[in-house]
Amino acid sequence: MARGSFATMQAQSSTEVTFYYENGHTDSFKVPVPGPQFQQQLPQLLAQPWITFHLMDNTIMVSTAKVIKVEINPPVPEMQGPGVINNGERVTTMQRGATGRLPQSG
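Worth saying up front: this structure is predicted, and the values here are computed from it rather than measured. (Residues numbered from 1 in each chain as written. Predicted model: local features only at pLDDT ≥ 70, side-chain atom pairs only at ≥ 80, totals over all residues. Heavy atoms only, no water.)

## Some remarks on the layout of surface pockets
Regions of empty space are outlined by a rolling probe, equal in size to a water molecule, passed over the atoms.
Then step 1. There is about 530 Å³ of room inside the largest pocket.
Then step 2. Ile-72, Pro-75, Val-76, Met-79 and Ile-85 are, among the 16 residues lining the largest pocket, the residues nearest its centre.
Then step 3. In terms of residues, the lining of the largest pocket owes the most to one element, strand β5 (residues 67-73), which gives three residues.
Then step 4. A class-by-class count of the residues in the lining of the largest pocket yields nine nonpolar, four polar and three charged. (1 Å grid on protein atoms, 1.4 Å probe; cavity = no way out; pocket = protein on both sides within 12 Å on 5 of 7 lines; lining within 4 Å. Points joined across faces, edges and corners; volume = space filled by probe spheres on them. Helix = DSSP H or I, 4+ residues; strand = E, 2+ residues; numbered from the N terminus. Nonpolar A, V, L, I, M, F, W, Y, C, P; charged D, E, K, R; others polar.)

This is the structure:
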């Protein structure tokens, strides 16, 4: 068994969500909800004017009007329907910069 594979065998019991705000700041939270369940709750959460996270040492309130992007880990492939693109890949700056600079054999 490959090193670290034990973690992938266990069901994910928490989800990491990162909010990106208009002003360039980000906040990441670990929530004790599996990804598919969090995915089901996300539309209702984002429909609220504020999302409240009660943490061990404080409470954080996120203004959904200021959120421009949400990242969820682990991925939630259960999301399907209009506006959902499957099998996408993130393009890094290095990949973008290399396009057209290397000779193509053909």
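The structure having been displayed, the exposition proceeds.
## Overview of the pairing of strand β2 (residues 26-31)
Then step 1. Taken together, the six bridges between strand β1 (residues 15-21) and β2 define a ladder with antiparallel strand orientation. Bridged to Val-17 within β2 is Phe-29.
Then step 2. The antiparallel pairing of β1 with β2 creates a hairpin that spans four residues between the two strands, and Gly-24 there sits at a positive phi of about 95°. (Pairing = 2+ DSSP bridges.)

## A look at the environment of Val-70
Then step 1. As for its placement among the helices and strands, Val-70 is situated in strand β5.
Then step 2. Each C-alpha atom, one on Val-70 and one on Asp-27, is 9.8 Å from the other, the two residues being 43 residues apart in sequence.

## Description of the nonpolar core
Then step 1. Val-17, Phe-19, Phe-29, Phe-38, Phe-53 and Val-62 are the most contacted members of the largest nonpolar core, which totals 14 residues.
Then step 2. Of all the secondary-structure elements, those providing two or more residues to this core are β1, β2, α2 (35-47), β3 (50-54) and β5.
Then step 3. Ignoring anything within four residues of it in the chain, the contact list for Val-17 reads Asp-27, Ser-28, Phe-29, Phe-38, Phe-53, Val-70 and Glu-71. (Core = buried A, V, L, I, M, F, W, Y, C linked by side-chain atoms within 4.5 Å. Buried < 20%, exposed > 50% of the residue type's maximum accessible area, 1.4 Å probe, protein only. Contact = heavy atoms within 4.5 Å.)

## Focus on the pairing of strand β4 (residues 59-63)
Then step 1. Here five bridges tie β3 to β4, and the two strands are oriented antiparallel to one another. Bridged to Phe-53 within β4 is Ile-60.
Then step 2. A loop of four residues connects β3 with β4, the two strands running antiparallel in sequence.

## Structural notes on the pattern of salt bridges
Then step 1. Tallying each qualifying case throughout the model produces three salt bridges.
Then step 2. Between Lys-69 and Glu-71 there is a salt bridge, with its nearest N and O atoms 3.4 Å apart.
Then step 3. Notably, a salt bridge pairs Glu-71 with Arg-90, separated by 3.2 Å at the nearest N-O pair. In this pair, Glu-71 is assigned in strand β5 and Arg-90 in the loop between β5 and α3 (93-98), connecting sequence segments 19 residues apart.
Then step 4. A network of salt bridges, in which partner residues are shared, links Lys-69, Glu-71 and Arg-90. (Salt bridge = Lys/Arg side-chain N within 4 Å of Asp/Glu carboxyl O.)

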